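# Examining the three-dimensional arrangement
Given next are the chains, with one letter for each unit.
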Amino acid sequence: MSALHVVFKVAGTEYAVPAADVVQMESFTGATPVPGTPAHVAGLVQIRGRVVPVVDLRARFGLPAVEPVLDTRVVVVKQGDRVVGLLVDSAREVVAIPPEAVRPPPEIVAEQASGFVRSVAQVGGRLLLFIDCERVIGEETLQ
Amino acid sequence: MSRVDLREFVSGFLVEADELLRSASANLLAVDAAAKKGEASPRAVRELFRSLHTIKGLAAMVEVEPIVAIAHGMEAVLRAADRGGGRLSGAAIDELLAGAKAIEQRVRALAEGKAVPAPPARLLDALLSLASGGPARLPAKGTELDLPAAIDAKLTPSEREQLRAGVAKGMRALRVDFVPSPARAAEGVTITTVREQVAAVAEIVKVVPVSSPRSDEAPSGLKFTLLLVTASPDEAIAEAASAAPGGLFVIAEAPAAEAAAPSPDGLEDDAWTEEAGAAEARGGGVVRVPVERLDDAMEKLSALIVTRSRLARSIAALAAQGVDVRDLRQIEAEHRRQVRDLRTSILQLRMVSAKELLSPLPLIVRGLEAATGKPVKLSIDAGRGELDKAVADRIFPAIVHLVRNAVDHGIEPPAERVAKGKPPEGRLTITCFERSSTQLELRVSDDGAGIDREAVARRAGREVPATDAALLDLVTIPGLSTREEATRTSGRGVGMDVVKRITQDLGGELLLEAPPGGGTTFTLRVPLTVTIVDAFAFGCGAQVFVVPVSMVEEILEVDPAKAAQGPARRERTHRAALLQRRGEAVPLLRLDEVFALPRSAGAALKALVVRRNGEPFAFAVDRMMGQQEIVVRPLQDPLVKTTGVAGVTDLGDGKPTLVLDLLSLSGALGGKRPEATA
């Protein structure tokens, strides 16, 4: 039984989140900054009447910032009661991933990703990283 | 009855039962208070009986047997009390309170869709023995009542007691006849209007319908005899009752020897008056509405307000393109007025009176008295203030907490009080008034031992606070308790931090007065509504913010040359200047510096002054952008919960705009105070 996943890109690397967790995907035209929040919180956006905090994954993963472009997307994910947007470079694909393709992350990747990567999958020669949404939108900061 | 409708009945039952229980509690307390003074309270006992009777009937309809059983037991006790002239023993009052509580628990279980527990056997036994043991029938002493036999036969002992009690208080018991007729009905005079008018000048004990021979004066062959207790003159009563001359009789005026033996008639044959009472209640013009419907109306109004803001923006954009928008502007202005009126109406619908908000407190204090063994004299002055249901629901736990603390920690045990030369009974005063058109002030005040500053400081591991404001900051540190042992009523003494958080979340303020001589007063200032408020929009850095008008004391022009710059603390990015305002030195901070915003080109020329703990604080901003009504949406996600941000709003551009809480922000900046930073 393959599960559908939304695939997005951050700084050339491909990541995946279960499609069931994704509420919607929107283009990004800027967020309202909230003073006093951690650097990886891009701010607030209003999507279909709902106000959603946005986590900038580049900032979260310690990557250099870029200006938003036409491809820039906010992937809105649901985690329990929380609804949070993930700011990514692009998000275009939905891929079916068979469970047997999913592996624990190689040690070096796990270490570098400070626990944000839960597992990896090889799909048709591509390497997809599964992010740990709970950690990514959690309060603990990158060590 | 068809079972299909049961669900619908249940929701109706829940609403009704809630209200009936509330009224029952109030009446029980009234009976309790009267009993302590040795007085009977026939009226309250009868009202209690009616409440329980209705609960029983409704519960039977929705087939909730445990509630039926408890209500039935309570009803039996009340019937006996009514026969005994409206007197209840302390033990009976306690059991009735326990009964009301047991019903309440079962109603709650029903509301939550849980199984309704069986009635406590001990309670049923106690009620049964109270009812069957019969009341200690008091010697029927009192005033002779001069009544026609036909009417006298219809009076219950408690009604007689009520008439006598009025006379004993120096009033007169009167009998006045009202004869209905088509002609009078055409003039708008009916038994209903007469009841209303008479009730304004007298206490109606009973209205008895009497059949009389048909005549020109009484074409329907029916008249009503009203039995009253009053201090008003005859003419006032005759006029209120639209009585014919000579239609007014004195039943009793001065205390006399012995009264007639009470008839065995109880409440059962009271059906007519009972129905009339119910009809009256319905005619009062009150509609019960579930809160969700009000919330829904509010939600729709909120959407309308956002659309309105968008409309205004579009018109401004058109005007900027050189389009003639005079007509549109006019329509927009009218639309704005209409939306405003609508908003006022809807907000009004959501308002509950402070009186209602505070009404459960006597019951709570009674429980605390019992638990602590400290007698408390509670006085409540609720005034005429009103507040939004949502605010009321959020602030109530804070008030309850302050009341608990006052009885538990503030007020001393009677012996200790007497030793200090105070009356043994502790005093607890709760007052409430509208401080302005947007703010309500609630004060909880006790005459107890006050707060031991040294003990608080020791517990917190800090120096002894010099001011009340500093003391408040200490007692609101999460988890701090000045009591060594946990007490049953206040738990572990935690909770002042919660009180503070509740007030702050509402955009309100918590104040403390604790003079060294003893006595403690907590003051809560809260906005009357939170969802839709008037706000100032202003620009700061490249960003637009809004702040509720209710939070801002004044908007000042800032002359940078006149603001005195103090020495800067090394670790701070922002530095406070001092403004002179009417002889008061006001610390002034640039908001863009506080928020670390990209600094705008021009100098900050306006300052918003707020006042916290009586201390003024000014925030300099770039420019004011006018006042408008906004819909505040709270920010719940932990990622974006920060001090100084109360929520977000949509000003019509489809983007979130931050609603600032400058009060909390000034608190966080106001020095080394222990402020939550989350």
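For the structure itself, consult the block above.
Every value quoted in this text rests on a predicted model; they were computed, and no experiment measured them. Starting from 1, residues in each chain are numbered consecutively following that chain's sequence as written. Chains carry letters from A onward and ligands carry numbers from 1 onward, assigned in written order. Whole-chain, interface and lining totals are the exception, using all residues; otherwise, since this is a predicted model, local features are given only for residues with pLDDT of at least 70 and side-chain atom pairs are given and counted only at 80 or more. Think of the side-chain values as coming from all heavy atoms in the structure, minus any hydrogens and water.

## Comments concerning the overall build of chain A
This is how the line gets drawn: Under the DSSP-based scheme used, a helix requires at least four consecutive residues in state H or I and a strand at least two consecutive residues in state E, with every element numbered from the N terminus. Only protein chains enter the accessibility calculation, which uses a 1.4 Å probe; a residue whose area is less than 20% of its type maximum is buried, one above 50% is exposed, and one in between is partly exposed. In what follows, a contact means two residues having at least one pair of non-hydrogen atoms within 4.5 Å. Only the protein chains shown count as cover for residues, with accessible areas throughout obtained via the Shrake-Rupley method and a probe of 1.4 Å.
Counting secondary structure elements, chain A contains three helices and eleven strands. The 143 residues of chain A split such that 45% are buried. Once local pairs closer than 6 in sequence are excluded, the contacts in chain A between residues at least 24 apart make up 54%. Surface exposure of chain A reaches about 7400 Å², of which carbon and sulfur atoms provide 52%.

## Looking at the pairing of strand E3 (residues 222–230) of chain B
All names here are of chain B. Note the following rule: DSSP bridges decide pairing: two strands pair if at least two such bridges lie between them.
Among the nine residues that make up E3, seven are buried, leaving the element largely enclosed by the rest of the structure. In this sheet, E3 lies alongside strand E1 (residues 172–178) in antiparallel orientation, the contact comprising seven bridges. For Leu174, the partnering residue across the bridge sits in E3 and is Leu228. Sheet topology note: the strand E2 (residues 203–211)/E3 ladder contains eight bridges and is antiparallel. Paired with Val210 across the bridge in E3 is Lys223.

## Describing the nonpolar core
The criterion, for reference: We define the nonpolar core as a collection of buried residues of types Ala, Val, Leu, Ile, Met, Phe, Trp, Tyr and Cys that are connected through side-chain atoms lying within 4.5 Å of one another.
Membership of the largest hydrophobic core comes to 54 residues, with the highest contact counts inside it found for Phe8 and Leu86 of chain A together with Leu591 of chain B. Counting residues per element, this core draws most heavily on helix H22 (residues 662–669) of chain B, which supplies four residues. What Leu86 of chain A contacts, discounting residues up to four positions off in sequence, is Val55, Leu57, Arg73, Val74, Val75, Val77, Ile131, Cys133, Val136 and Ile137 of chain A.

## What to know about helix H9 (residues 191–201) of chain B
All names here are of chain B. Our working rule: Think of it as the arc spanned by the lines of direction from the helix axis to the C-beta atoms.
Within H9, burial applies to Ile191, Val194, Arg195 and Val198. Here the buried residues of H9 occupy an arc of 100° about the axis, which is enough to place them on one side. In H9, those exposed residues whose orientation departs by more than 90 degrees from the buried face are Glu196 and Ala200.

## A closer look at H22 of chain B
All names here are of chain B. So the rule is basically this: Definition of a polar contact: a pair of N or O atoms within 3.5 Å, with one able to donate and the other able to accept a hydrogen when the atoms are protein atoms, and with sequence-neighbouring residues admitted only if both atoms are side-chain atoms.
Within H22, seven of the eight residues are buried, leaving the element largely enclosed by the surrounding structure. Along H22, the residues classified as buried are Leu662, Leu663, Ser664, Leu665, Ser666, Gly667 and Leu669. You can read the cap of H22 off the contacts: a side-chain oxygen lies 3.2 Å from the backbone nitrogen of Leu663, and it is on Asp661.

## Things to note about the interface of chain A and chain B
We apply this condition: A 1.4 Å probe defines the accessible area here, and the buried area is the portion of it lost by two parts on being joined, summed over both. Note on definitions: salt bridges are taken to be side-chain nitrogens of Lys or Arg within 4 Å of carboxyl oxygens of Asp or Glu. Only Asp, Glu, Lys and Arg are considered charged in this grouping, and only Ala, Val, Leu, Ile, Met, Phe, Trp, Tyr, Cys and Pro are considered nonpolar; every other residue, Gly among them, is considered polar.
Listed by partner, the interface residues are 21 residues for chain A and 15 residues for chain B. Regarding the contact of chain A and chain B, the summed buried area is about 1500 Å², with carbon and sulfur atoms giving 69% of it. Three residues stand out in chain A for area buried against chain B, namely Thr32, Pro35 and Gln46 of chain A, and they jointly supply 35% of the buried area on that side. There are one salt bridge connecting chain A and chain B. Viewed at the interface, chain B and chain A are joined by five residue pairs in polar contact (both at pLDDT 80 or more). At the level of secondary structure, the elements contributing two or more residues to the side of chain A that touches chain B comprise strand E4 (41–47), strand E5 (50–56) and strand E7 (82–88) of chain A. Counting residues per element, the side of chain A that touches chain B draws most heavily on E4 of chain A, at four residues. Of the residues assigned to the side of chain A that touches chain B, the class counts are 13 nonpolar, six polar and two charged.

## Quick word on the sheet that holds strand E4 (residues 248–252) of chain B
All names here are of chain B. Inclusion rule: Lines are fitted to the C-alpha atoms to define the axes, a helix being fitted only along its stretch in contact, and any angle between axes, read from their N-to-C directions, falls within 0 to 180 degrees.
On the basis of which strands lie adjacent, the open sheet formed by four strands has the order E2-E3-E1-E4 and antiparallel pairing. For this open sheet the edge positions go to E2 and E4, each flanked by a neighbour on one side alone. Each adjacent strand pair in this sheet contributes to an overall mean axis angle of 25°, direction not counted. Where H9 meets the sheet, it contacts E1, E2 and E3, and its direction lies at approximately 15° from that of E3.

## A word on unusual backbone geometry
Its identity is not glycine, yet Ala11 of chain A carries a phi of approximately 50°, on the positive side. Residue position: Ala11 of chain A is located in the loop between strand E1 (3–10) and strand E2 (13–18). Although it is not a glycine, Ala596 of chain B sits at a positive phi angle of roughly 50°. Tracing the backbone through its elements, the reader meets Ala596 of chain B in the loop between helix H21 (591–594) and strand E18 (606–612).

## So, the packing of helix H15 (residues 361–372) of chain B against helix H16 (residues 389–410) of chain B
Residue and element names in this part refer to chain B. Our working rule: Any angle between 65 and 115 degrees counts as roughly perpendicular, while under 35 counts as roughly parallel, over 145 as roughly antiparallel, and the rest as oblique. Note on convention: the crossing is left-handed when the near helix lies turned anticlockwise from the far helix by less than a right angle, right-handed when the turn is clockwise.
Two elements in contact, H15 and H16, have axes whose closest approach is 10 Å; the angle formed by their N-to-C orientations is 30°. Taken as axis vectors, H15 and H16 run roughly parallel relative to one another. Here H15 and H16 pass one another in a crossing that is right-handed. Taking contact as the criterion, the partners of Leu361, Ile364, Val365, Leu368 and Thr372 in H15 are, on H16, Phe396, Ile399, Val400, Val403, Arg404, Val407 and Asp408. Of the residues assigned to the contact of H15 with H16, the class counts are nine nonpolar, one polar and two charged.

## Observations concerning the packing of aromatic side chains
This is how it is decided: Two aromatic rings from Phe, Tyr or Trp, using only the six-membered ring of Trp, form a pair when their centres are within 6.5 Å; if the ring planes differ by under 30 degrees the pair is stacked, by over 60 it is edge-to-face, and anything between is tilted. Criterion for a charge above a ring: Lys NZ or Arg CZ within 6 Å of the ring centre, and within 35 degrees of the ring normal.
Taken as a whole and judged by the stated rule, the model has six aromatic pairs over all chains. Geometrically, the ring pair formed by Tyr15 of chain A and Phe61 of chain A is tilted, given 5.3 Å between the ring centres and 35° between the ring planes. Here Tyr15 of chain A is found in strand E2, whereas its partner Phe61 of chain A is found in the loop between helix H1 (57–60) and strand E6 (73–79), with 46 residues between them in sequence. Overall, the relative accessible area of 18% leaves Phe61 of chain A in the buried class. Ring pairs connect the aromatic residues Phe8, Tyr15, Phe61 and Phe116 of chain A, which therefore count as one cluster. Over the ring of Phe249 of chain B we find Arg175 of chain B; its NZ or CZ atom is 4.0 Å from the centre of that ring.

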